[in-house]
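# Descriptive structure summary
For reference, the chains in residue letters:
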Amino acid sequence: MTSETVFVEQCKGINGLDKVVLREVRGSSAEVYLYGGQVTSWKNDHGEELLFVSSKAPFKPPKAIRGGIPICFPQFGSHGLLEQHGFARNRFWSIDSDPPPFPTTSSNKAFVDLVLKHSEEDTRIWPHRYEFRLRVALGPGGDLMLTSRIRNMNTDGKAFTFTFAYHNYFSVSDISEVRIEGLETMDFLDNLQNRQRFTEQGDAITFESEVDKVYVSTPTKIAILDHERKRTLVLRKDGLPDAVVWNPWDKKAKAIPDLGDDEYKHMLCVEAAAVEKPITLKPGEEWKGRQEISAVPSSYFSGQLDPKKVFQGS
Ligand code: BG6
């Protein structure tokens, strides 16, 4: 692309839903639907899709979009009284044309600021006033950055508590050939065993059956290695201590109406989350949770979790 690159474009997506396309000069791109404030596409500078979206995703509100990066707020999973994964993923967000400044000024041109605020209807199910600001940015090298800022706007003096996740659906060549590094020896809560706590073995994580685990207090960097595609996805997170790993495998995939029977083979959810210790905000307080994902060639080898070293080829 040349100097004519349109860094940010607002247009219509599937079923006429509003979306924003972000583009960078070297050719990488991302798409964000206002419905759900949801990233549904992230492509590298060769135009290869790095996120998974189900071929059966209907893109029809009020159902959440199956794939991309749904936002789980104010509740992750069924850890509370609200609907599964909270309501942010099936609300219409707005473009925030005048967001409060970020503490660090960034030179990115491809970004969009979205905002979700309490509605009268929602206060009946979650009796709080809040402002949720989400910045989605594409770096010049194609890295995808999501920053969430959630503020308690209650005027009744009440604090509120929430859990949260960036529910990343990554596209993988073959789930049986993929491994995750960075979670070995970590403690996890197993959603398939009543959230009992276990400790992971010392080996990288591989997949041969259904997995639904919340790894707690994890390192800030996690790598997903896809040998067949010769690609490693590196997830860096800040303010999000936990990491959820989910693949429904064959039986559960068949029971999920908006997921193809065999699509579980080509997806892997590795989610940056705050689940084990819910976050509490007093009125006026703000919480920030950030993730950055990059795709690097798989010269990235085992045990080397510093992406900078990979770029330098050392
Ligand atoms: C994961 C959860 O984050 O999301 C799983 O750990 C859940 O338990 C999965 O099944 C998908 O949830 P949903 O509501 O999008 O079908």
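In this text, all values refer to a predicted model and were calculated from it rather than measured experimentally. (Residues numbered from 1 in each chain as written. Predicted model: local features only at pLDDT ≥ 70, side-chain atom pairs only at ≥ 80, totals over all residues. Heavy atoms only, no water.)

So, on to unusual backbone geometry. Residue Pro-62 is reached from Pro-61 by a cis peptide bond, and omega for that bond is 10°. Relative to the assigned elements, Pro-62 resides in the loop between β4 (38-43) and β5 (71-72). One non-glycine residue, His-85, adopts positive backbone phi at about 65°. Checked against the element boundaries, His-85 lands in the loop between β5 and β6 (94-95). Taking relative accessible area as the criterion, His-85 reaches 7% and is therefore assigned buried. Even without glycine at this site, Thr-185 takes up a positive phi of about 70°. In this fold, Thr-185 is placed in the loop between β12 (178-181) and β13 (187-190). (Helix = DSSP H or I, 4+ residues; strand = E, 2+ residues; numbered from the N terminus. Buried < 20%, exposed > 50% of the residue type's maximum accessible area, 1.4 Å probe, protein only.)

Taken together, the residues surrounding the ligand are Arg-66, Phe-76, Gln-84, His-85, Arg-89, His-167, Asn-191, Asp-212, Val-244, Trp-246 and Glu-271. Interatomic distance of 3.1 Å between a side-chain N/O atom of Gln-84 and an oxygen atom of the ligand. At 2.8 Å from an oxygen atom of the ligand is found a side-chain nitrogen or oxygen belonging to His-167. In the complex, 83% of the free accessible area of the ligand, which totals 390 Å², lies under the protein chains. Looking at the shell around the ligand residue by residue, the classes come out as three nonpolar, four polar and four charged. (Near = heavy atom within 4 Å. Polar contact = N/O pair within 3.5 Å; in protein donor to acceptor, adjacent residues only side chain to side chain. Areas by Shrake-Rupley, 256 points an atom, 1.4 Å probe, with all protein chains shown as cover. Nonpolar A, V, L, I, M, F, W, Y, C, P; charged D, E, K, R; others polar.)

Okay, the pairing of strand β2 (residues 18-23) next. Here strand β1 (residues 8-12) pairs with β2 via five bridges, running antiparallel. Considered in β2, the bridge of Cys-11 is made with Lys-19. For β2 and strand β3 (residues 29-33), the ladder comprises five bridges, and the chain directions are antiparallel. Of the residues in β3, the one forming a bridge with Val-20 is Val-32. Joining the antiparallel neighbours β2 and β3 is a turn of five residues, in which Gly-27 adopts a positive phi near 115°. (Pairing = 2+ DSSP bridges.)

What is shown is where atoms sit, not what they do.
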